[in-house]
Amino acid sequence: MDKMRTQLIDAHCHTDKQQRLVTYLKKEQILSCFNCQNKVEADQLLPLAKQTKTIWLSAGIHPWEANRYQLIDLLPILEQVSVVGEIGMDSVWTSVPLSQQQRMFEQQLAYASDKGKPVILHTKGQEKKISRLIKKYPNRYLVHWYSSLEGLTDFIEQDCYFTIGPSLNVDPAVLQVAEQVPINRLLLESDGLAAMEWVLETKVDEQVYEHHQMSQMVTLAKIKKLSVNQLTEQLRGNFLRFFPGN
Ligand SMILES: [Zn+2]
């Protein structure tokens, strides 16, 4: 069982009020990146990440909150992390005007490119637009939980990294990412316990998390014609190549 756990990575996730996921990933020494999108999350995660070699942090103003914050509000947190995200645009799950989203997104892209901090992208419904926008800001990009059947090659051509979201077994668009993205650009993510509950339509505790993520690994290994051990090695290598030294 212990060996199984060490095979996981979680390249994009969110914390929860009880800090269950961060406590678990820290204990199991699973390579992971937690997202901070406000001061409450940063206050919880910054001290933990400082003590833990296996936990990275990203910070950014989420497109759903592009009308609530200014870049300057988040700067004290951004300065303390090595990755910017998740940032982007969304025309499916929010009514925040796209013009406001784009302004905030480009400010953060410029900051990240300037500081040499890689970026985690949220692209829902705005895939085409985002694949064009990022060309203006040279950087290393990770597209989080890509879930459109269109536009994937625009990102593959730009040598982006991709996370497989927790819906690999049920979403043809996620399956397409697994099939088409080169193995050296793939990562695995949970997006946190709440997102996993949304996918699985059930309560998710640490055991369910582990079981589900291992089943994703088995599926991905089959698609890529690798053993789970080979896939583990590859994903750990990809993780350490994308995320700056900790
Ligand atoms: Zn997320």
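Quick notes on the rules
Residues numbered from 1 in each chain as written. Predicted model: local features only at pLDDT ≥ 70, side-chain atom pairs only at ≥ 80, totals over all residues. Heavy atoms only, no water. Helix = DSSP H or I, 4+ residues; strand = E, 2+ residues; numbered from the N terminus. Rg over C-alpha atoms; globule rule 2.2 N^0.38 Å. Buried < 20%, exposed > 50% of the residue type's maximum accessible area, 1.4 Å probe, protein only. Contact = heavy atoms within 4.5 Å. Areas by Shrake-Rupley, 256 points an atom, 1.4 Å probe, with all protein chains shown as cover. Lys, Arg positive; Asp, Glu negative; His and termini not counted. Charge placed at Lys NZ, Arg CZ, Asp CG, Glu CD. Donors = N, O, S within 2.8 Å, 3.2 Å for Na, K, Ca; no water. Tetrahedral: all angles 85-135°; square planar, octahedral: opposite > 155°, others 65-115°.

Going by the annotation in an unreviewed UniProt entry, the name recorded for the chain is Hydrolase TatD, with Vagococcus humatus given as the source organism.

Brief notes about the overall build of the chain
The helix and strand inventory of the chain stands at eleven helices and eight strands. Taking 246 residues into account, the globule formula puts the C-alpha radius of gyration at 18 Å, and the chain, at 17 Å, falls close to it. Summarising its shape, the C-alpha atoms of the chain cover approximately 45 × 40 × 35 Å along the three principal directions. Looking at the 246 residues of the chain, the share that counts as buried comes to 57%. Here the analysis covers contacts within the chain between residues at least 6 apart in sequence; of these, 65% occur between residues at least 24 apart. Looking at the chain as shown, the accessible area adds up to about 11,000 Å², and 52% of this sits on carbon and sulfur atoms. When the 27 basic and 28 acidic side-chain charges of the chain are each reduced to a single mean position, those positions are 4 Å apart.

A closer look at the coordination of the zinc ion
In the first shell of the zinc ion, the protein supplies His12 (NE2), His14 (NE2), Glu86 (OE) and Asp191 (OD), at 2.1 to 2.2 Å from the metal. Classification of the site at the zinc ion rests on its four donor atoms, whose angles at the metal span 90 to 178°, yielding the label irregular. Along the chain, the residues donating to the zinc ion are arranged with the sequence spacing H-x1-H-x71-E-x104-D. Here His14 is found in the loop between strand E1 (9-13) and helix H2 (20-27), whereas its partner Glu86 is found in strand E4 (residues 83-88), with 72 residues between them in sequence. Assigned by exposure class, His14 and Glu86 land together as buried.

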